[in-house]
Amino acid sequence: MTVDGGLRSTQWFGATGRTGMTHRSWMRAQGFTPEVFDGRPVVGIATTWSELAPCNVHLQRVAESVKRGVWQAGGFPLEFPAMALGETLLRPTAMLYRNLLAMESEELMRANPLDGVVLLSGCDKTTPGLLMAAASVDLPAVMVTGGPMLSGKYRGADVGSGTAVWRFEEDLVAGRMTQQECEFAEGCMARSNGHCMTMGTASTMASMAEALGMQLPYSATWPAVDSRRYETAQRAGQVVVDLVRRDLRPSAIMTRAAFENAIRVNAAIGGSTNAVIHLLAIAGRLGVPLALDDFDVLARDVPTLVNLQPNGQYLMEDFCYAGGLPAVMRELASAGLLHTEAITVTGAGIGANVADAECWNREVIKTMAEPLQPAGTGTAVLRGNLAPGGAVIKQSASSPHLLKHRGRALVFDSPADYYAVSNDPDLDVDEDTVLVIRYCGPRGYPGMPEVANVPLPRKLLLRGVRDMVRICDGRMSGTAYGTVVLHASPEAAVGGPLALVRAGDWITLDVPARALTLEVSDEEMAERRAAWQPPAPHASRGWTRLYCETVLQADAGADLDFLVGASGHEVPRESH
């Protein structure tokens, strides 16, 4: 990135007098020789490595590979830590901190002598958080995700991380599995470095980064422990130096066309509904016009092509060896469903990147002519008096017989309230009941956690019922499945209609008509609204208070209102 005809970093390392001496001398304390200050591109490597984020714990080694590439291409690599967000450990949810990662990373990129950045991510929120930061700073950038784990193995069969958890939990409650068997299975699901190997949110967002053009072809699918993961990282280091020299920035790559490509790719891979909220937030940083309804409209013509859990049979290793994301995008391009001219970090259009992609296993990656599921089975956007701001449902993970359903509501103000009675044999519930779990949105929980897909009541599981309609203003893990209406907006905590539902109310779900209706009159709703009281604040200080006071609703990406947009990469004032 050039400033006044020179690289941005020369404002630090090329400065004369006390300022330049201070910057250079303290860098030399690390053992760097003077040649690194000769005006070569300085590349920051933003790593979300942490032992508290198991999916990202191998990123230290990935960073070493990136450094090799940067040195090879004539750049000067400098690694720096960014906040690690592991959905596996963080409470109440990693989503509470996605915007904090984005804000921290943005400020670090802008405040330091960087000409370009490589973004190292893995678990769900680290990928969108770093992309949001890169979008707001708009320095040349390449993403390198950490890759999926090896396939889980349990009793001779493949099991998927996340997806198997939901099934094992139901089997345990129903008596089909013992606690000892569950404990043994824990070590079978997660058996290597890397993120979830199902098409959960981590795999989905890695695929979104590749579909947006911000990650090198095939990068989304190489397993974390595959040597080609590290080859890819080394190549990314070389590529980012070239991007700096060409001044090719995220704003030129993540265009409206790129987001349309990503939305269609998400439909084709059966990706997570969480992609909706993250792509909206990234687009908001760039000023790219993107709305919730775009996810429905653009996906309607796209069939599900990838046969992966939780929608299908296979896992990310199989997807990788079958041809990875380029094989899917080639199918979309052949059907005219890809903006092939959209530029990528390779410098070429995405169509050129995937033109020669081969599929080696049609059981894993289907054709447009013979898809896994027909067009129109991707994420649907619902509207109605229960979600005037919109809600989403993952059709490919839902039960077809429940996509048109009418039932009485059973309402809970938190997942904890539901779990307290879910095993009660006298619970007033049947397979037609609609479970409503509320106060789980951005402000309500806080952070909008992945709690919407609560397990079914024990009395129903014992009867063999495996799915029922659930409605929530929270999210669902991309590894999960079920007929679950998500992201209901506006959320209950801000007085959305979900807060006004009462037990026994009739609710109609009509996914083909894209409708979600609470069968209560406007007059009755007005009376309930007048009597409603907002919940007490979650915090009086710190990040949680700032978040709750400024977070946007799900249909706007749940970014903070003052972080929407960009501040660029102007060189800050001198520090000495």
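Our subject is the structure listed above.
Report follows, based on the coordinates. (Residues numbered from 1 in each chain as written. Predicted model: local features only at pLDDT ≥ 70, side-chain atom pairs only at ≥ 80, totals over all residues. Heavy atoms only, no water.)

## Observations concerning the side chain of aspartate 115
Step number 1: Here aspartate 115 shows up in the loop between α4 (98-111) and β5 (116-121).
Step number 2: Although aspartate 115 is buried, it forms no salt bridge, and the closest oppositely charged side chain is arginine 8 at an N-O distance of 6.1 Å.
Step number 3: A polar contact of 2.9 Å, which involves the side chain of aspartate 115, links it to the backbone nitrogen of arginine 8.
Step number 4: Of note is the side chain of aspartate 115, whose polar atom sits 2.8 Å from the backbone nitrogen of valine 42. (Helix = DSSP H or I, 4+ residues; strand = E, 2+ residues; numbered from the N terminus. Buried < 20%, exposed > 50% of the residue type's maximum accessible area, 1.4 Å probe, protein only. Lys, Arg positive; Asp, Glu negative; His and termini not counted. Salt bridge = Lys/Arg side-chain N within 4 Å of Asp/Glu carboxyl O. Polar contact = N/O pair within 3.5 Å; in protein donor to acceptor, adjacent residues only side chain to side chain.)

## Considering the pairing of strand β12 (residues 434-437)
Step number 1: Neither face of β12 is open: one carries Val434 and Val436, the other Leu435 and Ile437, and all of them are buried.
Step number 2: Across four bridges, strand β11 (residues 404-412) lies against β12 in parallel orientation. Residue pairing in the sheet places leucine 410 in a bridge with leucine 435 of β12.
Step number 3: Examined bridge by bridge, β12 and strand β13 (residues 470-472) share three bridges and lie parallel to one another. Pairing of isoleucine 437 across the sheet is with cysteine 472, part of β13. (Pairing = 2+ DSSP bridges.)

## Observations regarding the sheet that holds strand β3 (residues 42-47)
Sheet strands associate in pairs through backbone hydrogen bonding, adopting either a parallel or an antiparallel arrangement.
Step number 1: Strand order across the open sheet formed by four strands is β4-β3-β5-β6, with parallel pairing between neighbours. Each end of this open sheet is capped by a strand with a single partner; those strands are β4 (76-81) and β6 (141-145). On average, each strand axis in the sheet is tilted by 20° relative to the strand beside it, whichever way the strands run.
Step number 2: Where β5 and β6 come together, five bridges link them in parallel fashion. Bridge pairing in β6 places leucine 119 opposite methionine 143.
Step number 3: This element, helix α3 (residues 59-72), spans β3, β4, β5 and β6 of the sheet and lies at about 160° to β4. (Axes fitted to C-alpha atoms, helices over the stretch in contact; angles between N-to-C directions. Contact = heavy atoms within 4.5 Å.)

## Some remarks on the packing of aromatic side chains
Step number 1: Summed over the entire model, instances satisfying the criterion amount to 10 aromatic pairs.
Step number 2: The interplanar angle of 50° and the centroid separation of 5.1 Å between the aromatic rings of phenylalanine 13 and phenylalanine 37 together place this pair among those described as tilted. Taken as a pair, phenylalanine 13 in helix α1 (residues 10-13) and phenylalanine 37 in the loop between α2 (17-28) and β3 lie far apart in primary sequence, 24 residues in all.
Step number 3: According to the relative accessible area criterion, phenylalanine 37 is buried, its value standing at 13%.
Step number 4: Note that arginine 61 overlies the ring of tyrosine 230, its terminal NZ or CZ placed 3.9 Å from the centroid.
Step number 5: Arginine 406 extends its terminal NZ or CZ atom over the ring of tryptophan 506, reaching a point 4.1 Å from the ring centre. (Phe/Tyr/Trp six-rings, centres within 6.5 Å; stacked < 30°, edge-to-face > 60°. Lys NZ or Arg CZ within 6 Å of the ring centre and 35° of its normal.)

## With respect to the pattern of salt bridges
Step number 1: According to the stated counting rule, one finds 36 salt bridges in the structure shown.
Step number 2: With its nearest N and O atoms 3.2 Å apart, the salt bridge here joins aspartate 293 to arginine 383. Taken together, the residues span a long stretch of sequence, with aspartate 293 in helix α13 (residues 292-299) and arginine 383 in the loop between β9 (379-382) and β10 (390-394) at a distance of 90 residues.
Step number 3: Residue classification places aspartate 293 among the partly exposed residues on the basis of a relative accessible area of 35%.

## Observations concerning the packing of helix α6 (residues 163-173) against helix α7 (residues 179-189)
Step number 1: α7 packs onto α6 with a crossing angle of 175° between their chain directions and a minimal axis gap of 11 Å. In this view, α6 runs roughly antiparallel relative to α7, as classed from their interaxial angle. On α7, the residues touching Ala164, Val165, Phe168 and Leu172 of α6 are Gln179, Cys182, Ala185 and Met189.
Step number 2: Along the lines of polarity and charge, the residues of the contact of α6 with α7 split into seven nonpolar, one polar and no charged. (Parallel < 35°, antiparallel > 145°, perpendicular 65-115°, else oblique. Nonpolar A, V, L, I, M, F, W, Y, C, P; charged D, E, K, R; others polar.)

## Observations concerning the sheet that holds β11
Step number 1: Taken in spatial order, the eight strands line up as β9-β10-β14-β13-β12-β11-β15-β16 in an open sheet, and their pairing is mixed. Looking at strand neighbours, the two that pair on one side only are β9 and β16 (515-518), the edges of this open sheet. Going across the sheet, the axis of each strand differs from the next one's by a mean of 25°, ignoring polarity.
Step number 2: Note that strand β15 (residues 506-510) and β16 share four bridges and pair antiparallel. When the sheet's bridge partners are listed, leucine 509 is paired in β16 with leucine 516.

## Describing the pairing of strand β14 (residues 484-489)
Step number 1: Taken across its six residues, β14 has six buried, putting it largely inside the fold.
Step number 2: The pairing of β10 with β14 spans three bridges and is antiparallel. By the bridge assignment, valine 392 is partnered in β14 with leucine 486.

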